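Spelled out, the chains give:
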Amino acid sequence: MKIIINGVATDLEQSALTITELLKIQNVDMPEMVSVELNGSILDRDTFETTSVKEGDQIEFLYFMGGGSVSCCCMRV
C-alpha cells in the first residue's frame, strides 16, 4: 500500500492497517501524545483503533507544544 506520511511517500507491506497499528510500525515516539491528521482532518484519539488506512491516504503525525513563539504551534514527528 502506498501512502504519504509527513509529506514522504511510503510503501507499506500491509494492505490493511488501523491508525494505531501504523503508529506502532512507524515507531512513533510517545504515541499517546501524538495527534494524527488524516487527509486534512484531525482524528479523535478514540477513533485510532477503528480508522483504517487506505491506499493514497495522506497522514501527518503531530505533537502540539506549548510555549515558544506564536508562530510555532506544532511539530511534525
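One can find the structure itself at the top, above this paragraph.
Now for a look at the structure at hand. Quick caveat, the model's predicted, so the values are computed rather than measured. Going along each chain's sequence as written, the residues are numbered from 1 onward. Reporting in this predicted model follows two pLDDT cut-offs: at least 70 for local features of residues, and 80 or more for side-chain atom pairs to be given and counted; totals over whole chains, interfaces and linings ignore these cut-offs and use all residues. Hydrogen atoms and water are omitted, and side-chain values are computed over all heavy atoms in the structure.

## Some details on unusual backbone geometry
For the record, the criterion: Helix and strand assignments come from DSSP, with helices taken as H or I runs of at least 4 residues and strands as E runs of at least 2, each series counted from the N terminus. Each residue's exposure class comes from its accessible area (1.4 Å probe, protein chains only) as a fraction of the maximum for that residue type: buried when under 20%, exposed when over 50%, partly exposed otherwise.
A positive phi angle, close to 50°, is found at asparagine 6, a residue other than glycine. Note on placement: asparagine 6 falls in the loop between strand 1 (2-5) and strand 2 (8-11). With relative accessibility at 12%, the residue asparagine 6 sits in the buried group. Positive phi values are uncommon outside glycine, yet asparagine 39 reaches one of about 50°. Topologically, asparagine 39 is positioned in the loop between strand 4 (35-38) and strand 5 (41-42).

## Observations regarding the nonpolar core
Applied cut-off: Only buried residues count toward a nonpolar core, which is a set of Ala, Val, Leu, Ile, Met, Phe, Trp, Tyr and Cys residues joined through side-chain atoms within 4.5 Å. It only takes one pair of heavy atoms within 4.5 Å for two residues to be counted as in contact.
Membership of the largest hydrophobic core comes to 18 residues, with the highest contact counts inside it found for Leu22, Val36, Ile59 and Phe61. Among the secondary structure elements, those contributing two or more residues to this core are strand 1, helix 1 (19-25), strand 4 and strand 7 (58-64). In this structure leucine 22 touches Ile3, Ile5, Leu12, Leu17, Val53, Ile59 and Phe61, once residues within four positions along its chain are discounted.

## Focus: the environment of glutamine 58
Within the secondary structure, glutamine 58 is located in strand 7. Each C-alpha atom of the pair glutamine 58 and leucine 38 lies 5.9 Å from the other, and the pair is 20 residues apart in sequence. For glutamine 58, the residues in contact, after removing those within four places along its chain, are Ile4, Glu37, Leu38 and Asn39.

## Some words on the pairing of strand 1
The side chains of a regular strand alternate between the sheet's two faces. Rules: Criterion used throughout: strands pair if DSSP finds at least two bridges between them.
Across the two faces of strand 1 the burial differs, with Ile3 and Ile5 buried and Lys2 and Ile4 not buried at all. When strand 1 meets strand 2, the two strands line up antiparallel, connected through four bridges. Bridge pairing links isoleucine 3 to threonine 10 in strand 2. A loop of two residues connects strand 1 with strand 2, the two strands running antiparallel in sequence, and asparagine 6 in this loop sits at a positive phi of about 50°.

## Description of the environment of asparagine 39
Spelled out, the test is: The term polar contact refers here to a pair of N or O atoms within 3.5 Å; inside protein, the definition further demands a hydrogen-donor-capable atom paired with an acceptor-capable atom, and it admits residues adjacent in sequence only when both atoms are side-chain atoms.
Take asparagine 39: its relative accessible area is 44%, and that puts it in the partly exposed class. Counting along the chain gives 19 residues from asparagine 39 to glutamine 58, while the straight-line C-alpha distance between them is 5.0 Å. Discounting residues that sit within four places of it in the chain, asparagine 39 has contacts with Asp57 and Gln58. A distance of 2.9 Å separates the side chain of asparagine 39 from the side chain of aspartate 57, its partner in a polar contact.

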